[in-house]
Amino acid sequence: QVQLVESGGGLVQTGGSLRLSCVASRSIFSSNTMAWYRQSPGKQRELVAFVSTGGRANSADPVKGRFTISRDNYKNTVYLQMYSLKPEDTAVYYCNSYPLASGYWGQGTQVTVSS
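Scoring rules and cut-offs
Each chain carries its own residue numbering, running from 1 in the written order of its sequence. Only residues with pLDDT of at least 70 get local features here, since the model is predicted, and only at 80 or more are side-chain atom pairs given and counted; chain-wide, interface and lining totals rely on the full set of residues. Side-chain measures were taken over the full set of non-hydrogen atoms in the model, leaving aside hydrogen atoms and water. Here a helix means four or more residues in a row that DSSP labels H or I, a strand means two or more in a row labelled E, and each is numbered from the N terminus. C-alpha atoms define the radius of gyration in this analysis, and the globule rule sets the expected value at 2.2 Å times the number of residues to the power 0.38. Residue burial is assigned from relative accessible area. The probe radius is 1.4 Å, only protein chains are included, and a residue is buried under 20% of its type maximum, exposed over 50%, and partly exposed in between. Residues are treated as being in contact if the distance between any of their heavy atoms lies within 4.5 Å. A pair is scored as a salt bridge if a Lys or Arg side-chain nitrogen falls within 4 Å of a carboxyl oxygen belonging to Asp or Glu. At least two bridges found by DSSP between two strands are what make those strands a pair. Fitted lines through C-alpha atoms give the axes, limited to the stretch in contact for helices. The angle between two N-to-C directions lies from 0 to 180 degrees.

Visitor: Would you explain the overall build of the chain in this entry?
Guide: Along the backbone of the chain there are one helix and ten strands. For the chain, the N- to C-terminal ordering of α and β elements is β-β-β-α-β-β-β-β-β-β-β. Against the globule reference of 13 Å for 115 residues, the chain gives a C-alpha radius of gyration of 13 Å, in line with a compact fold. Principal-axis analysis of the C-alpha atoms places the extent of the chain at approximately 40 × 25 × 20 Å.

This is the structure in structure tokens:
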């Protein structure tokens, strides 16, 4: 059974930082590249960053240099460290495999950046 539990979101001011965590079930985590996605109101869900099972990471241009993705393979957990947050980063953030292995999504965690 797939399980994805995101946490760590909140309300921060522009320029602030947050660290998101996602605990995933072993069935989806152990053999997959994992990613963070986000969805803002009225917009489609977009890929933010991904990290391979071996730790190779990449991120989308809008967050490059500000967000860092990592994973702990012993804890089945993927992290997203976010620095220099901007109002346009406001969204619900989700983790999942990359590419998607199923249509299941967790509840996400809300990140709100005030100007």
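Moving on from the model shown.
Visitor: Looking at this model, I keep getting lost on the environment of G8. Mind explaining?
Guide: Considering the arrangement of structural elements, one finds G8 in the loop between β1 (4–7) and β2 (10–13). Accessibility expressed as a relative area gives 34% for G8, which makes it partly exposed. Taking the C-alpha atoms as reference, G8 lies 14 Å from V113; in sequence the two are 105 residues apart. The contacts of G8, once residues within four sequence positions are left out, are L18, R19, L20 and T109.

Visitor: Explain the pattern of salt bridges to me, please; I cannot follow it from the model alone.
Guide: Opposite charge on two side chains makes pairing possible when the charged atoms of those side chains draw close. Applying the stated criterion across every chain yields a total of three salt bridges. Notably, a salt bridge pairs D89 with R66, separated by 2.8 Å at the nearest N-O pair. Placement of the pair is D89 in the loop between β8 (77–82) and β9 (91–97) and R66 in the loop between β6 (57–59) and β7 (67–72), with a sequence separation of 23 residues. Here D89 falls in the buried class, since its relative accessible area comes to 1%. One network of salt bridges, with partners in common, ties together R38, E46, R66 and D89.

Visitor: Where do I start with the sheet that holds strand β5 (residues 46–51) in this structure?
Guide: Backbone-to-backbone hydrogen bonds join strands into a sheet, with any given pair of strands oriented parallel or antiparallel. Judged by pairing direction, the sheet is mixed, and its six strands sit side by side in the order β2-β10-β9-β4-β5-β6 without closing on themselves. Each edge of the sheet is formed by a strand with only one pairing partner; in this case those strands are β2 and β6. The sheet shows a mean angle of 25° between the axes of neighbouring strands, direction not considered. Judged from the six bridges that link them, strand β4 (residues 34–39) and β9 form a sheet pairing that is antiparallel. Counterpart to M34 in the pairing with β9 is S97.

Visitor: I would appreciate a short explanation of the pairing of β9 in the present structure.
Guide: As a general feature of sheets, a regular strand has side chains that alternate between the two faces. Of all seven residues making up β9, seven are buried, and the element is well covered by its neighbours. The pairing of β9 with strand β10 (residues 109–114) spans three bridges and is antiparallel. When the bridges of β10 are listed, V92 appears paired with Q110.

Visitor: Which parts of the structure should I look at to understand the side chain of S59?
Guide: Along the chain, S59 turns up in strand β6. Classification of S59 by relative accessible area gives buried; the value is 18%.

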